[in-house]
Each structure stands twice: as structure tokens, then as C-alpha cells.
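Architecture at a glance
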Amino acid sequence: MTTTAPAPPVVRAAQRGNCVKCRRAPGRPRSPQAPGDGLIPANELVVCDRCWLTAGGDDAVQAALDDDGQLRLSLEGSAEFEALLAEAEEYDQRHPIDRCLIEAGIRWDTLRLIAVPARCDLVRWVLERVPPTHTRVADSLDAWIEAVAARIEQQTGTEFKYNPKRRRWWRIANVLRCCSDDPSYRQRRPLTWISQEEIAAAVGCSTRTVRRCVAWLQREGLLHEVLPGCQMPRQTIPDDETAAEQAQREARMAAAVAAEDAAIARARAELDAVHDGLLGDAAAAAAETALSPADRAALDAAEELEPDLVQLVPVYELRVPLGEAEKAEEAAIARACTKLAATPGEAVARHHSAELVPAVNAAVYRELFAIGHDGQLTRLAGPEAADALTCGNVAGLLRPDQNGHPPQVITIDQLKSRDVQVVDKRPATPGSDEEGVRSGRNGADSTVSGQTAPSEGDRPRSRQSEAVRAAEWLLESRLHPDLCIGVSRRWLTSVIRGSGLLAAWNVTHGHAQNEILGGWNGVPPAWNELADLIHGVPEYANLPRFIYNPRGWIKARFARADAHMPPSKSKIIRHIETTSPTLQERRQTKIETARQAEIAARRAAIAACQMCDEYGFFPADSTDPTAPVVRCNHDPETGGW
């Protein structure tokens, strides 16, 4: 089959721009069959694929000569297409985070009330949720409800033994269907959002039944939870605030100020009642009576103010399981893509397939690492990385870690067969056997690499200081994972070296023993002392449940360390102190002596005081039996009060 339509030109990501119709990236320069013989200069028409296909392609291109004699090309679609673009113009001007949340099913009327930090958390939740495997997006709402009915019929007799349950499950699914967007609208995925209370009221069941039905739909691959139901903090001034909303906000602020003033006035009135001799409920009742009608109205109006949280209902995506033919086709496509991935960059991307960032989510990130087809990593901005992945210039996108460095990726040498080893066939040099023993003791690689001198990255470990080796050993095999979050080897090395504990504890354990057990074939005792110190020995038997700042914890542990008393010896000393009967008796004697001295001091103060009785209290007032009993502080300047 042949065609006369020209093939789309290959355009690099840097050359792409935004679409002239929807103002979205990426746009593609078009070469339409426009009138003209090529002698008249014409402008470049950049249109995205969605607008190009929706408007009609070459048939929608309009050409006209402007005042300068240049051919002006434009894309003019149908009236419905132009109306759709006019409605979406305001939506397209949103921030990428807001656009991602709107596409995830949150209405802009609700989203603009949520605080910006909470929106970032919502985006992170949306990006981390992956649809179930072997399922696809439903083609239409009717196709989805038919798939639900078919699955109910298949499980009749096992899951659905009674007809009322079958009917109730179908009615709950039908409510979700009626509250869904048509997937053909703007070519979006079908999303549904409604609270469980509303579903229960519409069907006539309990919310527990709704939860059971939703859980069954998720197990069967018919629903995917895009966003859970939650409460988010409300920001004081919403986005795109209108004049009416501003007036309402100012009225609420005025009502809050008036309520606060009324509460202050009520508190002062209650204090005055206490000074007059009233206590408890009597003072509160007197304060309520003393309030003015305006203050009472302000307090009543404060209870009707809007809450500080925005309620979000759960958002689900309608999906259907793949058939046997679709599963076989998907497996065949995966095998074909695996065979075609012959470049080093594609091999690296396949090795890190679980960590790749999709093109639709790349615009949310500030910067990403692009995997080139040669296996090299290049730092790009989020939108530029999305364009590069869409046009096929890169094999995949990876996120930087918390230290700002690219993740550890496989190299070209690791892609070769592991059966092929480099063999040195040259004659052995004198003393090479002793050198090999020394290198094995220091942990050097015994395989001959063929290099005449080690490079900067292949420096043997024997040249590293003990602090560097201790930090690497702690992070790789000793420390708890919660203590390694945000802790790099360089930072931990600087802390260990600055504390000077290794030198002091090596002297404590002895240089000879440390030399025998040192290096990479054994663990020096001082390194185990560092591990115990960081883990809290001997103050803590176990690590706390939550450590929010691992670096601060490690710094605090090193600040409490004693250079002359390692944690192992401190632990032994504490164990002896807690289990020794002699020391326990000595502590009890000391506590009892301090208690007797305190009792004697109190009795002497009461005996020397002329304002209180023999028990240290003021004498009771015979005229007022309800007066409280007060203990004297024996201070003449305050009168005992």
C-alpha cells in the first residue's frame, strides 16, 4: 500500500514548542498541503497531535496573505472544536501540579481551597499509586458495567450465593457508573468520585456494605483507587478569589475577632465573679449573665464558622481485566520490545524499569536524569526531559537521589558475558606472590584488570583512612536502615574523624589486637563500639520507634560519647550497678537519708512559722465554712501565700 502523504519530520526535543491552539507542549511543526508554490515565505505551524487530529489535519489548515506579503498558516477546526479549546483555555494555564490533580479527579472548585503544601502531598500520592497489572482502562461506562455484571454471573454460587447480594452489588456499581466522567470527554480516563455515605443513601444499605463492595471491585481488577478519601487543610485565601468570596472571608474574620473579644470579656467577668467569692459553676453562670447581647450573639456565630479542613471523597478509575487474547498480545509485545532493546541505554532503562519516570509525570519534577542511547546520564529539566522521552531521543528518565547524584546504573562492562574473564599471560615478576597476599589482606580485587595504574575511582581501599572504612562498613552492614536515611558516607566520615573516638578507643582495645583484626578481613573492636554508640548503647536498649532526624540523632550520640569509656564498658558498668545487691542497698540508704532530711527540714520550717498550724495549713475560718484550705509557704514577705 502506498500513500502520497508526507511523513512527519523528525524533530528534536529542543526544537519543539507549544501548540498554537491548546498552548500545550509538545507541539510538532507541520508541513501541510497548503496552497502556494514554495516561493512565498510562510510561517511555521506548530500543532500537537491531539489538536491536529481533532481539527481534521490538512483539511483544517487555512492560508491567507498578510499585509507584508507573507503566507500566514493557521488551523481552524469546527465550531465544537473551537468551543472546546475556549473552555479549556483557563484549565491549561494552571500549574503542572494543579493540572495533575485535576486530571486525577479533583474539581478545581475544591482544589483551589486546599493549601499548596497539601497539594504537593496529594500529587505524591497520585504518582505513587500504580494500576493493577493485567488490566486496562474501560472503553466506556456501559462496557464497564457489563464487565461487572459478567463477573458477578461468573461468581454466582461462590461469592454471590443469594440474589439480594447480587442486586445490591450491581446497584452500588451502577451508582459509581452514574457518577463517572465519560472517557470520550477530552480523551481522559473514566474517573468516579462519590462518598460512601451518599452511595449507601442511594442504594439503601450501610457504609460497611459499600466498603465491602468497593474492596471486591478492587480485588477483581475493576476499580483502581487513584486518590483516597481524606481531609486537607484549607488555605486562608483561595485561588481565583471572587469579590463575593472576599466579602465572605472578611465577614468571617470580623466574626472571629468579635467572638474572641466576647470570649475575653466572658473570662474577665468570670474572674470578677471569683474575686467576689463565687466558685465553679456559680462563677461561670454569673459571667454568662453579665455578657451583653452583642457578645452572646458573637459567640453563637463563632460556632457556625466554616471548618479548617477540606473534605475529599475517594477517586476511583474504572478498569476492566484483560482477556486471554489481550494478555497474549501484551506478552508478545513485551518480548519483542526486549529483543529490540539492543542499545546500551535501552539495556540500562530495562535494568531500572521499576524506577523509570513516565513522560506524563515528568513535568512535575524540577529536574531528571535522561538515559541516552549510549548509556550516559544527562541532567535535564522536567518539561525538557518529557519532550526528549516523547520524541525518542532518550531511553528513559530517572530521578536523582537525596544527595543530588545519579543512581548507580549498570555499565557497558556489566552487559558483557560474565564467563569472559581477562587473563594475564605475561611472566610472573619476582615477589608477586607476596604482593598478592598483601593485596588480599587489604581487600584489593584479585582479578587482573589490565590497567597499568589504578584510576581515581579504582583507588585501593588500603589507602583510605580508618574513618572512611569505618563509615562505609557502618552504612553497608551495621547501622539500622532508619539511621541511614539522608546520611552519606562523606558526612559520617567527617563526624567520626572530628570526634577522635577511633584513636582513643583503639588505644583502649590495644594496637596489637586492632592491627590483627583490622582491615577488610576483620572488624576492629572500635568499629563495633561506634555502632553501639550510634544505636544508643547503653542508654537505650532499643532504638526509638520514630527518628525524624537521623543526622541530629547521630550528632547527639557522638556529643555524649566518652573517649575514655567505650559503650561496651559502660554497658557492663551499668549492668553491675543495676544487679549488685551492695550497690542497690547503698542507693536505697542514700534515698532514705535524703527523704528523712527533707522531712526534718519541713518540720523545722513549720515549727519556726507563726502563721500556720502544726500541720502547715492556715487555720480554718469559722465565719466562712466554704473557704478553701490553703497550705502555708512560710514566707513572711508574701504572708504565707
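Residues numbered from 1 in each chain as written. Predicted model: local features only at pLDDT ≥ 70, side-chain atom pairs only at ≥ 80, totals over all residues. Heavy atoms only, no water.

A tally of regular secondary structure across the chain gives 25 helices and 13 strands. With 641 residues in all, the chain has 31% of them scored as buried. Considering only residue pairs separated by 6 or more positions, the chain has 64% of its internal contacts joining residues 24 or more positions apart. (Helix = DSSP H or I, 4+ residues; strand = E, 2+ residues; numbered from the N terminus. Buried < 20%, exposed > 50% of the residue type's maximum accessible area, 1.4 Å probe, protein only. Contact = heavy atoms within 4.5 Å.)

Together, Arg167, Arg168, Arg171, Arg208, Arg211 and Arg212 make up a positively charged patch on the protein surface. Position of Arg168 relative to the elements: it lies in helix H7 (residues 163–178). The class for Arg168 is partly exposed, based on a relative accessible area of 32%. (Patch = residues over 30% accessible without salt bridge, like charges linked within 9 Å, V, L, I, M, F, W, Y side chains within 5 Å. Areas by Shrake-Rupley, 256 points an atom, 1.4 Å probe, with all protein chains shown as cover. Salt bridge = Lys/Arg side-chain N within 4 Å of Asp/Glu carboxyl O. Lys, Arg positive; Asp, Glu negative; His and termini not counted. Charge placed at Lys NZ, Arg CZ, Asp CG, Glu CD.)

So, on to the sheet that holds strand S12 (residues 377–381). Strands pair in a sheet through their backbones, by hydrogen bonds, and they do so in one of two ways: parallel or antiparallel. In spatial order, the strands read S12-S11-S13; together these 3 strands make up an open sheet with antiparallel pairing. Sheet topology places S12 and strand S13 (396–398) at the edges, where each strand pairs with a single neighbour. Across the sheet, the mean angle separating the axes of adjacent strands is 40° when strand polarity is ignored. Relative to S12, strand S11 (residues 367–371) runs antiparallel, the two sharing 5 bridges. Across the sheet, Phe369 pairs through a bridge with Arg379, a residue of S12. Most of the contacts of helix H15 (residues 382–390) go to S12, to which it runs at about 120°, and overall it touches S11, S12 and S13. (Pairing = 2+ DSSP bridges. Axes fitted to C-alpha atoms, helices over the stretch in contact; angles between N-to-C directions.)

Counting across every chain of the model gives 4 aromatic pairs. For the ring pair Phe160 and Trp216, a centre distance of 5.2 Å and an interplane angle of 85° mean the geometry is edge-to-face. Here Phe160, found in the loop between helix H6 (141–154) and H7, pairs with Trp216, found in helix H9 (residues 207–219); they are 56 residues apart in sequence, far enough to count as distant. By relative accessible area, Phe160 is classed as buried at 1%. Given a relative accessible area of 1%, Trp216 falls into the buried group. (Phe/Tyr/Trp six-rings, centres within 6.5 Å; stacked < 30°, edge-to-face > 60°.)

Let us look at the pairing of strand S4 (residues 71–75). Alternating residues of S4 divide into Leu71, Leu73 and Leu75, all buried, and Arg72 and Ser74, none buried. In terms of strand pairing, strand S3 (residues 61–65) meets S4 through 5 bridges, oriented antiparallel. Bridging across to S4, Val61 finds its partner in Leu75. Here S3 hands over to S4 after 5 residues, with Gly69 in that stretch at a positive phi of 80°.

Enumeration according to the criterion identifies 15 salt bridges in this entry. Ionic pairing is found between Arg119 and Asp239, a salt bridge with its closest N-O pair at 2.9 Å. Of this pair, Arg119 sits in helix H5 (residues 116–128) while Asp239 sits in the loop between strand S8 (230–233) and helix H10 (243–275); the two residues are 120 residues apart in sequence, bridging distant segments of the chain. Asp239 gets classed as partly exposed once you look at its relative accessible area, which sits at 24%. Linking Glu367 and Arg379 is a salt bridge whose minimum nitrogen-to-oxygen distance equals 2.5 Å. Placement of Glu367 in strand S11 and of Arg379 in strand S12 is noted, with a sequence separation of 12 residues between them. Through salt bridges with shared partners, a single ionic network connects Arg136, Asp139 and Glu326.

Cis geometry is found at the peptide bond from Val537 to Pro538, where omega equals 0°. Relative to the helices and strands, Pro538 resides in the loop between helix H22 (525–534) and helix H23 (550–559). Phi at His134 takes a positive value of approximately 60°, unusual for a residue other than glycine. Positionally, His134 belongs in the loop between H5 and strand S5 (135–137).

So far we have only geometry, and geometry alone does not tell us how the molecule works.
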